[in-house]
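Each chain, written out:
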Amino acid sequence: MTESNISPRQILSSHQTNQKIRRIAFQIYENNFEEPGVIIAGISGEGYAFAAILAKELAEIAPFQVDLIELRFDKHLHHQSPILFDKEIEIENRVIIIADDVLNTGRTLAFALEPFLKVPMKKLQVAVIVNRSHHLFPIHADYVGYSLSTTLTEHVKVVLSKEGEEGVYLK
């Protein structure tokens with residue numbers, strides 16, 4: 001049987017995944033409660049879906065302003081063109097939390113840092129649902145929903161944008 005024929009195994013259910021996201025929202029609030037607001041910058045795709053849920057959860061528990069932006073770029077290119085935000089927002093002297101679904105090598109998150117390193121900020125933090133710990137870049141997640149030991153050949157897929165299929169899968 002080839003690896004492509006193996007059915008994905010669910011690691012976290014929709015309910016468990018949402019619990020992890022809610023816990024991350026509380027951690028963000030605890031670490032930023034004195035701030036007037038935070039920006040959640042989700043990486044396009046499931047990272048943005050995670051960011052949207054996280055921003056909603058955080059807005060429910062925190063008295064400060066929560067802004068949500070989408071970072072758009074091609075994760076598969078070795079050299080990036082400028083990263084685009086989906087809307088204009090003032091990022092100077094703000095707390096920014098970059099959100100993505102899975103931290104594997106750190107390459108995608110390293111690219112995502114680029115626009116924020118050009119302006120002064122109060123804090124730049126990273127939130128992920130799953131940390132696989134196969135880091136090739138010096139990226140550390142400040143907020144992790146689930147740490148998962150995997151082999152390099154295994155694939156972790158987070159599904160948040162397809163109703164009825166939500167969860168974390170390992171293939």
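Structure shown above.
The following refers to the structure shown. None of the values given here were measured: they were computed from a predicted structure.

A closer look at the side chain of glutamine 125
Then step 1. Inspection of the secondary structure assignment puts glutamine 125 in strand S6 (residues 123-131).
Then step 2. Residue glutamine 125 is classed as buried on the basis of its relative accessible area, which comes to 9%.

Some details on the packing of aromatic side chains
Then step 1. Using the criterion set out here, one finds 1 aromatic pair in the structure.
Then step 2. Ring geometry for tyrosine 29 and phenylalanine 64: centres 5.9 Å apart, planes at 55 degrees, overall tilted. Here the residue tyrosine 29 occupies a position in helix H1 (residues 14-32), and phenylalanine 64 occupies one in the loop between helix H2 (46-61) and strand S3 (65-72), the gap between them amounting to 35 residues.
Then step 3. Its relative accessible area of 25% is what places tyrosine 29 among the partly exposed residues.

Quick look at the packing of H1 against H2
Then step 1. At a closest axis distance of 9 Å, the pairing of H1 and H2 adopts a crossing angle of 55 degrees. Between H1 and H2, the angle is such that the two are oblique. The hand of the H1/H2 crossing is right-handed. Contacts between H1 and H2 involve Asn18, Ile21, Arg22, Ile24, Ala25, Phe26, Ile28 and Tyr29 from the first element and Phe50, Ile53, Leu54, Glu57, Leu58, Glu60 and Ile61 from the second.
Then step 2. For the contact of H1 with H2, the class distribution of residues is 11 nonpolar, 1 polar and 3 charged.

Reading guide: rules and limits
- Residues numbered from 1 in each chain as written.
- Predicted model: local features only at pLDDT ≥ 70, side-chain atom pairs only at ≥ 80, totals over all residues.
- Heavy atoms only, no water.
- Helix = DSSP H or I, 4+ residues; strand = E, 2+ residues; numbered from the N terminus.
- Buried < 20%, exposed > 50% of the residue type's maximum accessible area, 1.4 Å probe, protein only.
- Phe/Tyr/Trp six-rings, centres within 6.5 Å; stacked < 30°, edge-to-face > 60°.
- Axes fitted to C-alpha atoms, helices over the stretch in contact; angles between N-to-C directions.
- Parallel < 35°, antiparallel > 145°, perpendicular 65-115°, else oblique.
- Left-handed = near helix turned anticlockwise from the far one by under 90°.
- Contact = heavy atoms within 4.5 Å.
- Nonpolar A, V, L, I, M, F, W, Y, C, P; charged D, E, K, R; others polar.

Functional significance is not addressed by these values, which are geometric in nature.
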